[in-house]
Structure formats: structure tokens, C-alpha cells
Amino acid sequence: MRLRNITGSRERIAQSSYVVQEPHKWRGRWRELFQNRNAIRIEIGMGKGKFLHTLAAENPDINYIGIEKYSSVLLRAIQKMEEEELPNLRFIRMDAEELTEVFGEGEVDRIYLNFSDPWPKDRHAKRRLPSRQFLERYDKVLKPEGRLEFKTDNRALFDFAMDELPEAGWKAEAVTYDLHHENEMLSGNIMTEYEEKFSAIGNPICKYIIYR
């Protein structure tokens, strides 16, 4: 996926009150930033932020943090917040590899992965967000009873993700290879921008919910 660079996006992000500028300083005490004791849920690779913004608006008693490494994409999420500010939503611009440096052990109660980069070449497998390498990171920051949800229209990536579970010591609580025709899992589903695009052209959406 090619991303168009937007002039001044990094400067705009650095000045935004919606973006946590030094996230490492909040490791282990994110509830202090939100000034409450509510649960913390994160989306890794949040894109333009539609999914997380909708979730945060519908669940004001849960704190949400969106993680995105591309400035030009994060800027779109900031613009959404400028139109509809939510006190329980904040953003971080960083690479997901830094996850354990930013969140403490068991600090997160749910993780969302939506339409992640498939990194199709075999030599890049460990960069895929549902890889065993990343599952190890999630295991450290997710509370013991926490859950991880993953959605994609890329069947090859989903098959890879399923194969990684036993290797990483995770189990599937729910799985579907066609989310929009699975009423139980579809209930309460919030579509991302990519989900709207791909489902509109008939691509089946795969999803799992996993735990340790």
C-alpha cells in the first residue's frame, strides 16, 4: 500500500493534544493519563481511526488508544477528533514493535488488529501483526483474561494467523471466514474503512477472537 505524504503532517501531529507525544513515560500508568480507572483497549495499525472513534463514542466508560506509525494516516484520525472530540480516546505515533516499552504487564484488556499489512514475502513473516513474534508481545501487555480480535479480507494472512496460534500458545474463542454472514459474530460489528470497501466488492471478511 502506497501512502501519500502530506506536507506538515509530522508537525501537526507533534502539536496535537490528542497524540501522546512521549508514550514511554506513561508505561504502567495509562489510567492516570485518562484520569479514571476504566479498562484500556488498543488498536494497532488504526489507519484513519474510524473504527476506534466509533467504539470510543459508543463506550464512554472504556479508554481507547490508537497506534499508527504513518503520519499521513494518523493525521486523518486527528481531524476526526477535531470534529468530534472524545475524552476517552488518544493516539500514539509509533511502530508496534515498541509495544512492551509503552504498555506495562497486563495493562491492556483488549487488542484490535484490523486489516493489517500482510507482508506477503516469507522473509517478512515476523513483521506481520498476527505473527508469533507479535503474539509474544501481546501476551506481555494483555491482562490474563484479555482478548485479541483480528479482522482481514486477506485469506492467506488469516490462514497464517491461525497457524501461528498453537505455536505461540494462544487459542481461538471464535473464528469465521465470512463475518458478514455469521450473525452471532457480526452482532455489534463496527466496520473499518477497508472493511466497507472490500465487503462492498464481495470479499469475505475473516475474523478471530483469541485468548491464552
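The following paragraphs examine the structure supplied in this document.

Here is what the cut-offs are and how they apply
Residues numbered from 1 in each chain as written. Predicted model: local features only at pLDDT ≥ 70, side-chain atom pairs only at ≥ 80, totals over all residues. Heavy atoms only, no water. Buried < 20%, exposed > 50% of the residue type's maximum accessible area, 1.4 Å probe, protein only. Helix = DSSP H or I, 4+ residues; strand = E, 2+ residues; numbered from the N terminus. Contact = heavy atoms within 4.5 Å. Core = buried A, V, L, I, M, F, W, Y, C linked by side-chain atoms within 4.5 Å. Phe/Tyr/Trp six-rings, centres within 6.5 Å; stacked < 30°, edge-to-face > 60°. Lys NZ or Arg CZ within 6 Å of the ring centre and 35° of its normal. Axes fitted to C-alpha atoms, helices over the stretch in contact; angles between N-to-C directions. Parallel < 35°, antiparallel > 145°, perpendicular 65-115°, else oblique. Left-handed = near helix turned anticlockwise from the far one by under 90°. Nonpolar A, V, L, I, M, F, W, Y, C, P; charged D, E, K, R; others polar. Salt bridge = Lys/Arg side-chain N within 4 Å of Asp/Glu carboxyl O. Pairing = 2+ DSSP bridges. Right-handed = clockwise from strand over helix to strand, strands pointing away.

1. Describing helix H3 (residues 50–58)
- Among all positions of H3, only Phe-51, Leu-52, His-53, Leu-55 and Ala-56 are buried.
- Residues of H3 that are buried in the fold lie against strand S1 (40–44), strand S2 (63–68), helix H4 (71–83), strand S3 (89–93), strand S4 (108–114) and strand S5 (142–152).

2. Side note on the nonpolar core
- If you look at the biggest cluster of nonpolar residues, it comprises 35 residues, and the most contacted ones within it are Ile-42, Ile-44, Phe-103, Ile-111 and Tyr-138.
- The element that contributes the greatest number of residues to this core is helix H7 (residues 155–168), accounting for five residues.
- Among all residues touching Ile-42, those that are not within four sequence positions of it are Ile-65, Ile-67, Leu-99, Phe-103, Val-108, Arg-110, Ile-111 and Tyr-112.

3. Comments concerning the packing of aromatic side chains
- Under the definition given, this model contains nine aromatic pairs.
- Between Phe-115 and Phe-198, the ring centres sit 6.2 Å apart and the planes meet at 35 degrees, which makes this aromatic pair tilted. Linking Phe-115 in the loop between S4 and helix H6 (132–141) with Phe-198 in helix H9 (residues 193–200), this pair joins segments that are 83 residues apart in sequence.
- Site record: aromatic cluster; members linked through ring pairs are Phe-150, Phe-158, Tyr-177 and Tyr-208.
- The side chain of Arg-137 reaches across the aromatic face of Phe-134, ending 4.5 Å from its centre.
- Positioned above the aromatic ring of Trp-170 is the side chain of Arg-212, whose terminal nitrogen or guanidinium carbon lies 5.3 Å from the ring centre.

4. Section: the packing of H6 against H7
- Contact geometry of H6 with H7 gives a least axis separation of 9 Å together with a crossing angle of 55 degrees. Classified by the angle their axes make, H6 and H7 are oblique. Handedness of the crossing formed by H6 with H7: right-handed. Together, Arg-132, Gln-133 and Leu-135 of H6 and Glu-164, Leu-165, Glu-167 and Ala-168 of H7 make up the contact between the two elements.
- Considered class by class, the residues forming the contact of H6 with H7 number three nonpolar, one polar and three charged.

5. Quick look at the pattern of salt bridges
- Here the structure, examined in full by the defined rule, presents 15 salt bridges.
- Its salt-bridge partner being Glu-193, residue Lys-80 comes within 3.7 Å of it at the nearest N-O pair. Highlighted residues: Lys-80 in helix H4 and Glu-193 in helix H9, separated in sequence by 113 residues.
- One salt-bridge network, held together by shared partners, links Arg-110, Glu-149 and Lys-207.

6. Structural notes on the pairing of S4
- In terms of burial, S4 is largely enclosed, as seven of its seven residues are buried.
- Pairing geometry for S1 and S4, over four bridges, is parallel. From the neighbouring strand, Ile-44 faces S4, where its bridge partner is Leu-113.
- Pairing analysis gives six bridges linking S4 to S5, with the strands arranged parallel. Among the inter-strand pairings, Tyr-112 is bridged to a residue of S5, identified as Glu-149.
- At this point the chain moves from S4, through H6, to the parallel S5, and the crossover so formed is right-handed.

7. Focus on the sheet that holds S2
- Strand order in this open sheet of seven strands is S3-S2-S1-S4-S5-S7-S6, and the pairing throughout is mixed. With partners counted over all chains shown, the strands left at the sheet margins are S3 and strand S6 (171–176), one partner each. This sheet shows a mean twist of 15 degrees between the axes of neighbouring strands, independent of strand direction.
- Sheet contacts for H3: S1, S2, S3, S4 and S5; angle to S2, the most-contacted strand, approximately 175 degrees.
- Contacts from H4 reach S2 and S3 within the one sheet, and its direction differs from that of S3 by about 165 degrees.

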